[in-house]
Amino acid sequence: MQNVIHTDRTQGVRPASPADDPWDPIVSLRQFGRHRLTSVEMTISNLCNMRCEHCAVGDTLVMAEPGKLPLEMMLRRLDEIEHLQTISITGGEPTFSGKTVKEYLIPLLKYARSRGIRSQINSNITLDYSRYEEIAPFLDVMHISFNYTNADDFHEVGFAKSGHPVARETAARMYERMLSNASKLSKGGLFVSAESMINFRTHEKMAEIHQLIVQMGCQRHEVHPMYPSAFASDLPVINKEEMRRAILHLLDHRDSSLWMLFGTLPFFHCSEEAEDRNLLARLAAEPNVTVRNDPDGRNRLNVNLFTGDVFVTDFSDVPAFGNIRTDRLDELFERWLAHPLAGSVNCHCPAAACCGPNLLVKDMYYREVDFLARKAIL
Ligand code: SF4
């Protein structure tokens, strides 16, 4: 049989599903009755062949990157985490350097398999297929960004910050390679999750983008509103009404056989606005649709493998609050939970399966709101 990726599932790692999303912090919150560190994201590359306009870490991208901390140090810190369930590997483009793939990426994925935990990498999958084929047997979720309806969109968005002109033909070739890689990886049995952002460019095109994701054979379409953080802070913002309309249109036109995961939404069951609550009720009633609570700082920390610094997320404005050279990750997580910022979003309404807003969302839409004094209206 052609194009079958021989996955190494000997450790019995289950594929993610609408009923089983281990990245959602509500899972560990229910299990332990409090937030626990169950997920670690590692930044292993500052290199990328693209310069997307929305890139949250665009200001960290370089042409030649410094050395990384020894893999053994990272593995030891992972080993110490009592309740580790998932790892995510991000960049830059984590597969950009073949050396990084061999010396860090694959060993980290193998470590996850050996411990029975699930893994994700965030990739633009525009490089040669062989690069991804090499990784696929050890990987659970290939997470890609997909915000385009054609090669022209890709050209405009993907190289907006490149600093030099990139020929349309070059971008079109990369776009075609991305489509073909996603199809081949999906056909080969890899779980490919395509994420689209709702933003000023995409909010009226989400249904069209969704159809392309269906055609690529992806197993999941992930949808998040874009918040103009860090590098992308100059981009126009759409309002909540436009966002609600985009989601409703997408729900009306989606392929209901494909799992859709919504995340980082600015809508809550405690909202005084009935439209927000109605939208959440519609999302909850839709088959094959889930809404993920925000993992950043709830069950997950980010480790920068170049410096060892530990953050709430890879693009957060919150400074590092520890370093893996000197600190255990479980201890750093407790340190973060004691931080006033963590406290400001640490609400929980079990009946609504909600554990509070993302920090950027609170900052952007709910600066004056005390979430700890609110309750879901059901
Ligand atoms: S957990 Fe927090 S954000 Fe969610 S409904 Fe309750 S009070 Fe609102």
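Not measured: the values here are computed from a predicted model. (Residues numbered from 1 in each chain as written. Predicted model: local features only at pLDDT ≥ 70, side-chain atom pairs only at ≥ 80, totals over all residues.)

Asks: It is not clear to me how the overall build of the protein should be interpreted in this structure. Could you clarify?
Replies: For the protein, the helix and strand inventory stands at 12 helices and 10 strands. Since a compact globule built from 378 residues should have a radius of gyration of about 21 Å, the 20 Å found for the protein is in line with a globular shape. Dimensions of the protein along its principal axes, counting C-alpha atoms only, are 50 × 45 × 45 Å. The 378 residues of the protein split such that 44% are buried. Taking contacts inside the protein between residues at least 6 apart in sequence as the whole, the part at least 24 apart equals 76%. (Helix = DSSP H or I, 4+ residues; strand = E, 2+ residues; numbered from the N terminus. Rg over C-alpha atoms; globule rule 2.2 N^0.38 Å. Buried ≥ 20, exposed ≤ 12 C-beta atoms within 10 Å, placed from the backbone. Contact = placed C-beta atoms within 7 Å.)

Asks: Sorry if this is basic, but what is going on with the packing of helix α5 (residues 151–158) against helix α6 (residues 168–187) here?
Replies: A pair of packed helices is captured by two measures, namely the crossing angle of their axes and the spacing between those axes. Contact geometry of α5 with α6 gives a least axis separation of 9 Å together with a crossing angle of 110 degrees. Classified by the angle between their axes, α5 and α6 sit roughly perpendicular to one another. Taken together, the residues of α6 that come into contact with α5 (itself represented by A151, F154, H155 and G158) are R168, A171, A172 and Y175. Of the residues assigned to the contact of α5 with α6, the class counts are 5 nonpolar, 2 polar and 1 charged. (Axes fitted to C-alpha atoms, helices over the stretch in contact; angles between N-to-C directions. Parallel < 35°, antiparallel > 145°, perpendicular 65-115°, else oblique. Nonpolar A, V, L, I, M, F, W, Y, C, P; charged D, E, K, R; others polar.)

Asks: Help me out: how do you make sense of unusual backbone geometry in this one?
Replies: Note: most residues except glycine have negative phi, and most peptide bonds are trans. For the bond from G91 to G92, the omega torsion is 20 degrees, close enough to zero to count as cis. Considering the arrangement of structural elements, one finds G92 in the loop between β2 (86–90) and α3 (98–115). Of note in the backbone geometry, T264 takes a positive phi value of approximately 50 degrees without being a glycine. Locating T264 in the fold gives a position in the loop between β7 (259–263) and α9 (274–285). Backbone geometry places N288, a non-glycine residue, at a positive phi of 65 degrees. By the secondary structure assignment, N288 is in the loop between α9 and β8 (289–292).

Asks: Explanation requested: the sheet that holds strand β10 (residues 310–311) in the structure shown.
Replies: Within a sheet, neighbouring strands are paired by backbone hydrogen bonds and run either parallel or antiparallel to one another. If you walk across this open sheet you meet the 10 strands as β8-β7-β6-β5-β4-β3-β2-β1-β9-β10, and the pairing is mixed. In the strand order of this sheet, the two ends are held by β8 and β10, each with one partner. Pairing of β2 with strand β3 (residues 118–123), which is carried by 4 bridges, proceeds in the parallel orientation. Bridging across to β3, T86 finds its partner in R118. The strands touched by helix α7 (residues 206–215) are β5 (191–198) and β6 (220–225); relative to β5, the strand with the most contacts, the crossing angle is about 170 degrees. (Pairing = 2+ DSSP bridges.)

Asks: Could you clarify how one ought to interpret the nonpolar core in this entry?
Replies: Grouped burial of nonpolar side chains is what soluble globular proteins tend to show. With 87 residues, the main nonpolar core has V40, M42, M142, V192 and L301 as its most contacted residues. Here this core takes 6 residues from α3, the largest share from any one element. The contacts of V40, once residues within four sequence positions are left out, are L78, I81, L84, I87, R300, L301, V303 and L329. (Core = buried A, V, L, I, M, F, W, Y, C linked by C-beta atoms within 7 Å.)

Asks: In this structure, what is going on with the pairing of β3? I would like to understand it.
Replies: Within a regular beta strand, the side chains point alternately toward one face of the sheet and then the other, so they alternate between its two faces. Of all 6 residues in β3, 6 are buried; the element is thus mostly enclosed. Of the two faces of β3, the one holding R118, Q120 and N122 and the one holding S119, I121 and S123 are both buried throughout. Taking the sense of rotation as the criterion, the β-α-β connection linking β2, α3 and β3 turns out right-handed. Sheet topology note: the β3/strand β4 (residues 141–145) ladder contains 4 bridges and is parallel. Bridge pairing links I121 to M142 in β4. In this fold, β3 hands off to helix α4 (residues 129–135), which returns the chain to β4; that crossover is right-handed. (Right-handed = clockwise from strand over helix to strand, strands pointing away.)

Asks: It is not clear to me how the packing of helix α8 (residues 240–253) against α9 should be interpreted in this structure. Could you clarify?
Replies: Between α8 and α9, the shortest axis-to-axis distance is 11 Å and the interhelical angle comes to 25 degrees. Here α9 runs roughly parallel to α8, going by the angle between their axes. With respect to the hand of their crossing, α8 and α9 are arranged in left-handed fashion. Here R244, I247, L248 and L251 of α8 lie close against α9, whose contacting residues are E275, L279 and R282. (Left-handed = near helix turned anticlockwise from the far one by under 90°.)

Asks: So what exactly am I meant to see when it comes to helix α2 (residues 71–79) here?
Replies: At 3.6 residues per turn, the α-helix brings residues three or four places apart onto the same side. The complete set of buried residues in α2 reads M74, R77 and L78. Seen from one end, α2 has its buried residues packed into an arc of 100 degrees, which puts them on one side. Away from its buried face, by an angle of more than 90 degrees, α2 presents the exposed residues E72, R76 and D79. Here the buried face of α2 lies against β1 (39–43), α3, β9 (300–304) and α10 (329–337). (Arc of directions from axis to C-beta.)

Keep in mind these values describe shape, not function.
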